[in-house]
Amino acid sequence: MRAWVVSGDGRLLELLERPVPEPDPGEVLIRVEACAVCRTDLHLAEGDLPARKPQTAPGHEVVGRVVSGPRQGERVGVAWLRSTCGRCRYCLRGHENLCPGSTYTGWDADGGYAEYLTARPDYVYPLPEDVPAERLAPLLCAGIIGYRALLRCDLSEGGRLGIYGFGASAHLTAQAAIAQGATVHVVTRAAAARKLALELGAASATADAPPEPLDAAILFAPVGTLVPPALEALDRGGTLAVAGIHLTDIPVLNYERHLFQERTLRSVTANTRADGRAYLRQAIAHPPEVTTTPYPFEAADRALADLAADRVRGAAVLLLS
């Protein structure tokens, strides 16, 4: 099979020929139909996220079909969370995303930038047959992590939500918040992203600051210097949730300007399978407008480079024939 891997030699990715992987006992083998491109893949390729194995195939927003093992023939989605121990205190209290023994697709094990991958059947999600893979793939991380970020920011009913950065996850999260009655203000440097935000129903889209105090905010851009202005834009009692796995350093905060009046700063760490199931039920029953930029599998390196340069509208998706 063909697989794109993190090269480690200055290039983002390298295309290799590899044997089709052999599933471990209890695992399934999945033939990939499509894999969305996540900023986490870029962090891995650029070295911001330390590699956990050499020549890893990234990709954790996978739509495919089980070709051997349990659930053979089923169309499934493979997401970021690959496994947890199931025994630690975090798992037992329903916080499996915090499990110290957790592993991740496209980081601990090869992911969807390949023609086949393996997965545990209890960590994949059933998907409908009648929805194109290009539309489903971004739901499996961009959608799921946005869903958890929306929970973590404690947005009040009908509240004012600020979204900083407007890529794959943000464009889905904005729609979910608007559907719940929120007023959404987007802050992003990319003019095309501001245009998309307004098309999807955002009340404003600017390159600097929201036009009114915010009840809650989500930081999707991996830029630590945005934390102080995002906190300062919060109204009293507001919460800022940082949604990414990687963030550049946060500047020194001024207590009175940024945190006083019970403002809260919190992180978002992966997701639970319950998050995934809840979001996918919602998204399949009430489909969001999924904006994608498709790439042939052979152009995975270009897709990642375009993501790095903010040339992607919505979510980049690799399509396999």
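Before going into details, it helps to say that this report is about the structure given with it. Nothing here was measured: the structure is a model prediction, and the numbers come from that model. (Residues numbered from 1 in each chain as written. Predicted model: local features only at pLDDT ≥ 70, side-chain atom pairs only at ≥ 80, totals over all residues. Heavy atoms only, no water.)

A look at the overall build of the chain
We apply this condition: Numbered from the N terminus, helices here are DSSP runs of H or I no shorter than four residues, and strands are runs of E no shorter than two. Restricting the calculation to C-alpha atoms gives the radius of gyration, and the globule rule supplies 2.2 Å times the number of residues raised to the power 0.38. Contacts between residues were defined by any pair of non-hydrogen atoms, one from each residue, lying within 4.5 Å. Only the protein chains shown count as cover for residues, with accessible areas throughout obtained via the Shrake-Rupley method and a probe of 1.4 Å. A residue counts as positive if it is Lys or Arg and as negative if it is Asp or Glu; His and the chain ends are not included. Lys charges are placed at NZ, Arg charges at CZ, Asp charges at CG and Glu charges at CD.
What the chain contains, in helices and strands, is ten helices and 17 strands. Here the C-alpha atoms of the chain give a radius of gyration of 19 Å, agreeing with the 20 Å that 2.2 N^0.38 yields for 321 residues. For the chain, the C-alpha atoms occupy an extent of roughly 55 × 40 × 40 Å along the three principal directions. By sequence separation, contacts in the chain at least 24 residues apart represent 69% of the contacts at least 6 residues apart. Counting every atom, the chain has about 13700 Å² of accessible surface; 52% of that belongs to carbon and sulfur. The averaged location of the 37 negative side-chain charges in the chain is 3 Å from the averaged location of its 32 positive side-chain charges.

Points about the pairing of strand S14 (residues 234-242)
Rule in force here: A pair of strands is labelled paired if DSSP reports no fewer than 2 bridges between them. Here, the term right-handed applies to a crossover whose path from the first strand over the helix to the second runs clockwise when the strands point away from the viewer.
Inspection of the sheet shows strand S13 (residues 214-219) paired to S14 by five bridges, in the parallel sense. Counterpart to alanine 216 in the pairing with S14 is threonine 239. Remark: the S13/helix H7 (residues 227-232)/S14 crossover connection has right-handed handedness. In the sheet, S14 pairs with strand S15 (residues 264-267) via four bridges, with the strands oriented parallel. Note on S15: the bridge partner recorded for threonine 239 is threonine 264.

Let's talk about the environment of leucine 155
Among the structural elements, leucine 155 can be located in the loop between helix H4 (142-152) and strand S10 (160-164). Distance in space between the C-alpha atoms of leucine 155 and asparagine 97 is 21 Å, their sequence separation being 58 residues.

Considering the packing of helix H1 (residues 39-46) against helix H10 (residues 300-308)
Cut-off, in case you're wondering: Here, axes are lines fitted to C-alpha atoms. For helices the fit covers the stretch in contact, and angles between N-to-C directions go from 0 to 180 degrees. Should an angle fall under 35 degrees it is called roughly parallel, over 145 degrees roughly antiparallel, and 65 to 115 degrees roughly perpendicular, with every other angle called oblique. Side-chain classes are defined by residue name, with Ala, Val, Leu, Ile, Met, Phe, Trp, Tyr, Cys and Pro counting as nonpolar, Asp, Glu, Lys and Arg as charged, and the others, Gly among them, as polar.
The N-to-C vectors of H1 and H10 enclose an angle of 100 degrees; their axes lie 10 Å apart at closest approach. Comparing the axis directions of H1 and H10 gives the class roughly perpendicular. Contacts between H1 and H10 involve Arg39, Asp41, Leu42, Ala45 and Glu46 from the former and Leu304, Leu307 and Ala308 from the latter. Counted by class, the contact of H1 with H10 contains five nonpolar, no polar and three charged residues.

Description of helix H6 (residues 191-199)
How we decide: Partly exposed residues are those whose accessible area sits between 20% and 50% of the maximum for their type, while under 20% is buried and over 50% is exposed, using a 1.4 Å probe and protein chains only. Note that the arc is defined by the directions from the helix axis to the C-beta atoms.
Taken together, the buried positions of H6 are Ala193, Leu196 and Ala197. In a view along the axis of H6, the buried residues occupy a sector of 100 degrees, so they form one face of it. The exposed set on the far side of H6, more than 90 degrees from its buried face, consists of Ala191 and Lys195. Where H6 is buried, its residues meet helix H5 (168-179), strand S11 (183-187) and strand S12 (204-206). In the stretch just after H6, glycine 201 is the one whose phi turns positive, near 110 degrees.

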